[in-house]
Amino acid sequence: MWKNIEAAPADAILGLTEAFQAESRPGKVNLGVGVYKDETGITPIPGCVKAAELILLETEKTKSYLPIPGEPVYGVEVQKLIFGESSEVISGRRAVTAHAPGGTGALRVGADLLKKFNKDAKLWLSDPSWTNHRSVFSAAGYAVEEYPYYDADAKGVDFVAMKECLARVPSGDVVLLHACCHNPTGFDLSAEQWKELVEVAKKAGWIPFLDFAYQGLGEGLEQDRVGVVAFAESGLDMVVSSSFSKNFGLYRERVGACTVVTPSEAEAVVAMSHLKTVVRVLYSNPPAHGGLVVKTVLTSKALRSQWVEELDGMCRRIKEMRAQLVQGLEKRGVERDFSYILRQRGMFSFSGLSKEMVEWLRAEKAIYMVGSGRINLAGLTTSNIDYVCDAIAEGLKQEK
Ligand code: LMR
């Protein structure tokens with residue numbers, strides 16, 4: 001059956017990892033996929049995760065199925081993390097959570113859930129957005145539209161254009177917002193802008209779907225949730241997809257969550273019943289291990305504070321590499337002003353390097369980054385930063 005079928009193109013991000021692994025040049029640098037690496041270039045397992053795994057090894061008594069939405073305490077802990085412990089959303093029991101396989105799984109669960117009740121709903125994405133957003137929502141049957149987000153000249157968010165466009169989005173459509181650490185640009189909304197956006201959503205009647213894949217990697221666990229909290233407090237219907245790939249280093253364990261917020265407890269009960277039907281069809285019930293690790297860490301005072309410290313460490317290292325990249329380019333006399341990179345947040349920098357430059361860096365210097373010019377700052381270390389800055393400086397000189 002495959003003889004007459006054309007091969008699919010490689011994935012824009014994970015395909016890059018495959019190409020990098022096949023790369024034989026010794027000095028190669030991977031600034032592609034959004035995976036944290038430490039100073040030695042390794043993606044470490046946080047100490048709190050190892051400790052939790054040891055506890056699980058000792059205490060886990062069965063491998064029988066979990067409930068369809070996953071371990072209940074996991075859901076409770078996810079909500080505390082994304083809304084804050086004292087949130088009225090929690091005390092008012094207005095939210096329900098299902099453990100989904102990673103942030104991507106959570107997106108698909110939320111997409112299918114909303115589609116079930118509005119067949120004509122379109123999905124609105126920021127321009128640009130994570131490449132897989134479009135694919136996940138298209139696969140769930142959505143027509144995908146874009147709203148303005150990145151202002152390439154001003155290097156920041158074009159909030160006026162964004163608001164203007166979102167004010168005209170039809171009621172019932174779904175608007176995907178990056179809760180923090182916008183992927184790929186690194187430019188986030190301010191607390192004030194989030195509040196304004198809530199008012200836009202209220203008036204227009206679209207459903208906010210917040211992708212919260214990087215909590216704690218921007219400005220901290222609490223500061224990073226301002227957008228989620230603003231929408232949650234508004235009493236609007238909303239969906240939050242979260243992920244523990246990055247902030248817990250649990251990438252391959254596929255740990256995420258789909259949380260549905262409703263205006264009332266009674267509606268939340270109905271939402272959960274449908275959330276369960278969606279999960280049952282997609283993967284029946286979630287894989288247990290990663291969720292149990294997260295639950296074990298978050299419910300232990302000692303492990304939780306160890307986690308917060310380890311997460312802060314990741315965040316600090318990323319910020320340090322961000323600063324070193326800007327300084328390194330400046331030191332090499334690069335004319336272009338790259339200081340806007342310092343205003344970006346999270347794991348990524350939308351470097352502003354052209355597609356041609358990205359290709360040149362890969363071909364000539366074995367430096368891999370996403371075609372849009374997105375750099376994973378965690379791929380930089382004190383051992384490769386000079387090499388990368390030299391290469392970019394050389395490339396820019398030739399480009400002139
Ligand atoms: C990324 O954007 O690089 C990460 O979210 C990994 C992925 O799945 O694409």
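Since the structure is predicted, the reported quantities are computational estimates derived from the model, not experimental observations.

Draft legend 1. Region of the structure containing the overall build of the chain. The helix and strand tally for the chain stands at 14 helices and 13 strands. Relative to a compact globule of 400 residues, whose C-alpha radius of gyration would be 21 Å, the chain shows 21 Å and is just as compact. By principal-axis analysis of the C-alpha atoms, the chain measures approximately 65 × 55 × 55 Å. A total of 400 residues make up the chain; the buried ones form 54% of that total. Partitioning the intrachain contacts of the chain with sequence separation of at least 6 by distance along the chain shows that 76% fall at a separation of at least 24. A total of about 18100 Å² of accessible surface is found on the chain, and carbon and sulfur atoms cover 54% of it. Each charge class in the chain can be summarised by its mean position, and for the 46 positive and 50 negative side chains these summaries are 4 Å apart.

Draft legend 2. Structural context of the site of the ligand. If you check the shell around the ligand, you find I13, V33, G34, W130, N183, Y214, K246, F348 and R374 and nothing else. Within the side chain of K246, an N or O atom sits 3.1 Å from an oxygen atom of the ligand. A distance of 2.8 Å is found between an oxygen atom of the ligand and a side-chain nitrogen or oxygen belonging to R374. Protein chains bury 84% of the 260 Å² of accessible surface belonging to the ligand in isolation. Of all the cavities here, the one that holds the ligand is the largest pocket.

Draft legend 3. A look at the layout of surface pockets. Considering only enclosed or pocket space, the largest pocket measures out at about 590 Å³ in volume. Around the largest pocket, the lining is made up of 28 residues, and of these L14, T104, W130, K246 and R254 lie nearest the centre. At the level of secondary structure, the elements contributing two or more residues to the lining of the largest pocket comprise α1 (14-22), α5 (102-117) and α6 (131-139). Grouping the amino acids of the lining of the largest pocket by side-chain chemistry returns twelve nonpolar, eleven polar and five charged.

Draft legend 4. Empty space enclosed by the protein, seen in detail. On inspection of all chains with the given rule, the structure shows one cavity of 30 Å³ or more. In this structure, the largest cavity spans a volume of roughly 40 Å³. The wall of the largest cavity is formed by Y147, Y149, M162, L177, H178, H182, L189 and W194. A per-class count over the lining of the largest cavity returns six nonpolar, two polar and no charged.

Draft legend 5. Local environment of the nonpolar core. Ranked by internal contacts, the top residues of the largest apolar core, which has 133 residues, are F137, L177, L197, W206, F231 and L325. Per element, the largest residue contribution to this core is nine residues, and it comes from helix α12 (residues 301-331).

Draft legend 6. View of helix α8 (residues 191-204). With 14 residues, α8 extends 20 Å from end C-alpha to end C-alpha; this agrees with the ideal 20 Å at 1.5 Å per step. A positive phi of about 90° marks G205, the residue just after α8.

Draft legend 7. Inspection of the packing of α12 against helix α14 (residues 385-399) at higher detail. Look at α12 against α14: their axes get within 9 Å of each other, and the N-to-C directions meet at 45°. By the criterion of interaxial angle, the relationship of α12 to α14 is oblique. The crossing of α12 and α14 is right-handed. Contact residues: α12 offers M321, Q324, L325, G328 and L329, while α14 offers I385, C389, I392 and A393.

Draft legend 8. Structural context of helix α2 (residues 47-59). For α2, with 13 residues, the first-to-last C-alpha span of 18 Å sits near the 18 Å given by 1.5 Å per residue. For α2, the full list of buried residues reads C48, V49, A52 and L56. The arc enclosing the buried residues of α2, seen along the axis, measures out at 95°, which places them on a common side. Exposed residues pointing more than 90 degrees away from the buried face of α2 are listed as L54, L57 and E58. Buried residues in α2 make contact with α11 (289-298) and α12.

Draft legend 9. Quick look at the packing of helix α13 (residues 355-365) against α14. It is the contact of α13 with α14, at a shortest axis distance of 10 Å, that shows an interaxial angle of 125°. When the axis of α13 is compared with that of α14, the two are oblique. The element α13 and its partner α14 pack so that their crossing is right-handed. Residues M357, W360, L361 and K365 of α13 form the contact with α14, whose own contacting residues are Y387, A391, I392, E394, G395, L396, Q398 and E399. Considering only residue class, the contact of α13 with α14 consists of seven nonpolar, two polar and three charged.

Draft legend 10. Summary view of the pairing of strand β8 (residues 207-212). Among the six residues in β8, five count as buried, and that is most of the element. Pairing of strand β7 (residues 174-178) with β8, which is carried by five bridges, proceeds in the parallel orientation. Within the sheet, the bridge partner assigned to V174 lies in β8 and is I207. Following the backbone out of β7, through α8 and into the adjacent parallel β8, one traces a crossover that is right-handed. One ladder, built from four bridges, connects β8 with strand β9 (residues 238-243); its direction is parallel. If you follow F212 over to β9, its bridge partner there is S242.

Draft legend 11. Looking closely at a nonpolar patch on the surface. On the surface, M1, W2 and I5 cluster together to form a nonpolar patch covering roughly 440 Å² of accessible area. Tracing the backbone through its elements, the reader meets I5 in the segment before α1. Look at I5 and you get partly exposed, because its relative accessible area is 42%.

Reading the values: the criteria
- Residues numbered from 1 in each chain as written.
- Predicted model: local features only at pLDDT ≥ 70, side-chain atom pairs only at ≥ 80, totals over all residues.
- Heavy atoms only, no water.
- Helix = DSSP H or I, 4+ residues; strand = E, 2+ residues; numbered from the N terminus.
- Rg over C-alpha atoms; globule rule 2.2 N^0.38 Å.
- Buried < 20%, exposed > 50% of the residue type's maximum accessible area, 1.4 Å probe, protein only.
- Contact = heavy atoms within 4.5 Å.
- Areas by Shrake-Rupley, 256 points an atom, 1.4 Å probe, with all protein chains shown as cover.
- Lys, Arg positive; Asp, Glu negative; His and termini not counted.
- Charge placed at Lys NZ, Arg CZ, Asp CG, Glu CD.
- Near = heavy atom within 4 Å.
- Polar contact = N/O pair within 3.5 Å; in protein donor to acceptor, adjacent residues only side chain to side chain.
- 1 Å grid on protein atoms, 1.4 Å probe; cavity = no way out; pocket = protein on both sides within 12 Å on 5 of 7 lines; lining within 4 Å.
- Sits in = over half its atoms within 2 Å of the grid points.
- Points joined across faces, edges and corners; volume = space filled by probe spheres on them.
- Nonpolar A, V, L, I, M, F, W, Y, C, P; charged D, E, K, R; others polar.
- Core = buried A, V, L, I, M, F, W, Y, C linked by side-chain atoms within 4.5 Å.
- Expected span 1.5 Å × (residues − 1).
- Axes fitted to C-alpha atoms, helices over the stretch in contact; angles between N-to-C directions.
- Parallel < 35°, antiparallel > 145°, perpendicular 65-115°, else oblique.
- Left-handed = near helix turned anticlockwise from the far one by under 90°.
- Arc of directions from axis to C-beta.
- Pairing = 2+ DSSP bridges.
- Right-handed = clockwise from strand over helix to strand, strands pointing away.
- Patch = residues over 30% accessible without salt bridge, like charges linked within 9 Å, V, L, I, M, F, W, Y side chains within 5 Å.
- Salt bridge = Lys/Arg side-chain N within 4 Å of Asp/Glu carboxyl O.

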